[in-house]
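These are the residues of each chain, in order.
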Amino acid sequence: KSGRLVLIVGPMYSGKTSELLSYVEIYHLGKKNYKAFKPSIDNRYDETFIVSHNNTRVKAYPIKEPKEIFKILEGNEKAVFIDEIQFISEELKDIILNLIDKGIDVFCSGLDLSFKNNIFPTTSILMGYADEVIKKKAVCHECGEYTGTISYKTIENGGEIDIGGFDKYIAVCRDCYKKLNEKQ
Ligand code: ADP
Ligand code: TMP
Ligand code: MG
Ligand code: ZN
């Protein structure tokens, strides 16, 4: 039986990592083997843990390239979890399709859009292949409504790949995003 691909996307602080970790717990409670991965570029809290903004965490293998996943898997896993997929190369798609083919469930989370309102290609591609896409929202930092769909960068530094948290980014709704960009 094929595995399934579940994708969790949205802006920063929308609960993507928390939701990914809640799926980890389901496999953990079921005493099923699984492994979790994250790009090694994301050293925000710890190299070897997936950590949410409310500080829940799970052990994860840091990877530089998608094919490292094959080397690390032992063959008895029922599920694979990957956080911050926007930082992993597009080849991740081939690895994931192979895992699903072997009957392994794959749960991924990541940003759909950069603070510049550009798509992250790996996330977009995987959204196409996913059996289920869960689009999360954040509370807009400006108006307080639960309509935050995009991240806004609060510091003067255009880098589209730039690890950080509240020191650099907020989550906002479309209208507040427009207003903030017009102010500049
Ligand atoms: P993500 O991986 O999408 O950045 P996390 O799962 O790490 O999200 O963190 C989600 C948590 O962040 C929420 O449960 C909440 O406690 C906190 N949080 C901080 N700012 C916001 C916000 N603007 N909207 C929603 N949650 C927020
Ligand atoms: P988060 O979605 O779990 O909050 O983490 C997103 C990470 O991506 C965080 O380290 C900041 C980084 N980031 C970028 O590199 N570019 C961007 O455009 C945005 C919005 C976030
Ligand atoms: Mg996260
Ligand atoms: Zn708003």
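In what follows, the structure referred to is the one given above.
Being a predicted model, the structure only gives us computed values, none of them experimental. (Residues numbered from 1 in each chain as written. Chains lettered and ligands numbered in written order. Predicted model: local features only at pLDDT ≥ 70, side-chain atom pairs only at ≥ 80, totals over all residues. Heavy atoms only, no water.)

1. Focus on the pattern of salt bridges
- All chains considered together, the criterion is met by 9 salt bridges.
- The partner of K35 in a salt bridge is E74, and the shortest N-O contact between them spans 2.5 Å. Note that K35 is positioned in strand β2 (residues 34–39) and E74 in the loop between α2 (68–72) and β6 (79–82), a separation of 39 residues in sequence.
- Relative accessible area serves as the criterion here: at 8%, K35 is assigned to the buried category.
- In this structure, K153 and D162 form a salt bridge, with 2.8 Å as the shortest nitrogen-oxygen distance. (Salt bridge = Lys/Arg side-chain N within 4 Å of Asp/Glu carboxyl O. Helix = DSSP H or I, 4+ residues; strand = E, 2+ residues; numbered from the N terminus. Buried < 20%, exposed > 50% of the residue type's maximum accessible area, 1.4 Å probe, protein only.)

2. What about the nonpolar core?
- Counting 21 residues, the largest nonpolar core has L5, I69, I82, I96, V106 and C108 as its most contacted members.
- Counting only elements with at least two residues in this core, the list comes to β1 (5–10), β6, α3 (92–101) and β7 (105–111).
- Considering every element that reaches this core, the biggest residue donor is α3, with 5 residues.
- If near-sequence neighbours (up to four positions away) are discounted, L5 is found in contact with I96, I100, V106, C108, L126, Y129, A130, D131 and E132.
- Within the second largest apolar cluster, 15 residues are counted, among which are I8, Y27, I50 and F81. (Core = buried A, V, L, I, M, F, W, Y, C linked by side-chain atoms within 4.5 Å. Contact = heavy atoms within 4.5 Å.)

3. Comments concerning the sheet that holds β6
- Taking strand neighbours across the sheet as the criterion, the 6 strands line up as β5-β2-β6-β7-β1-β8 in an open arrangement whose pairing is parallel. Single-partner strands in this sheet number two, and they are β5 (61–63) and β8 (132–135). Pairwise comparison of adjacent strand axes, ignoring direction, gives a mean angle of 20° for this sheet.
- Relative to β6, β2 is paired through 4 bridges, and the arrangement is parallel. Each bridged residue has a counterpart across the sheet, and for Y34 the counterpart in β6 is A79.
- Strands in contact with helix α1 (residues 16–29) are β1, β2, β6, β7 and β8; relative to β7, the strand with the most contacts, it is inclined by about 165°.
- α3 rests against β1, β6 and β7 of the sheet, and its axis sits at about 155° to β7. (Pairing = 2+ DSSP bridges. Axes fitted to C-alpha atoms, helices over the stretch in contact; angles between N-to-C directions.)

4. Remarks on the site of ligand 2
- Near ligand 2 there are 18 residues, and of these K16, H53, F115, E160 and D162 occur at the shortest range.
- Separating an oxygen atom of ligand 2 from a side-chain N or O atom of H53 is a distance of 2.8 Å.
- Here an oxygen atom of ligand 2 sits 3.1 Å away from a polar atom, N or O, in the main chain of G164.
- Here ligand 2 loses 99% of its free accessible area of 490 Å² to cover by the protein chains.
- Broken down by class, the residue content of the shell around ligand 2 amounts to 7 nonpolar, 6 polar and 5 charged. (Near = heavy atom within 4 Å. Polar contact = N/O pair within 3.5 Å; in protein donor to acceptor, adjacent residues only side chain to side chain. Areas by Shrake-Rupley, 256 points an atom, 1.4 Å probe, with all protein chains shown as cover. Nonpolar A, V, L, I, M, F, W, Y, C, P; charged D, E, K, R; others polar.)

5. What about the coordination of the zinc ion (ligand 4)?
- At the metal site, the zinc ion (ligand 4) is ligated by C140 (SG), C143 (SG), C173 (SG) and C176 (SG), and these contacts range over 2.3 to 2.4 Å.
- With 4 donor atoms in place around the zinc ion (ligand 4) and angles of 99 to 117° between them, the coordination shape is tetrahedral.
- Sequence positions of the residues that donate to the zinc ion (ligand 4) give the spacing C-x2-C-x29-C-x2-C. Here the residue C143 occupies a position in the loop between β8 and β9 (150–153), and C176 occupies one in helix α5 (residues 174–183), the gap between them amounting to 33 residues. (Donors = N, O, S within 2.8 Å, 3.2 Å for Na, K, Ca; no water. Tetrahedral: all angles 85-135°; square planar, octahedral: opposite > 155°, others 65-115°.)

On their own, these measurements won't tell you what the molecule is for.
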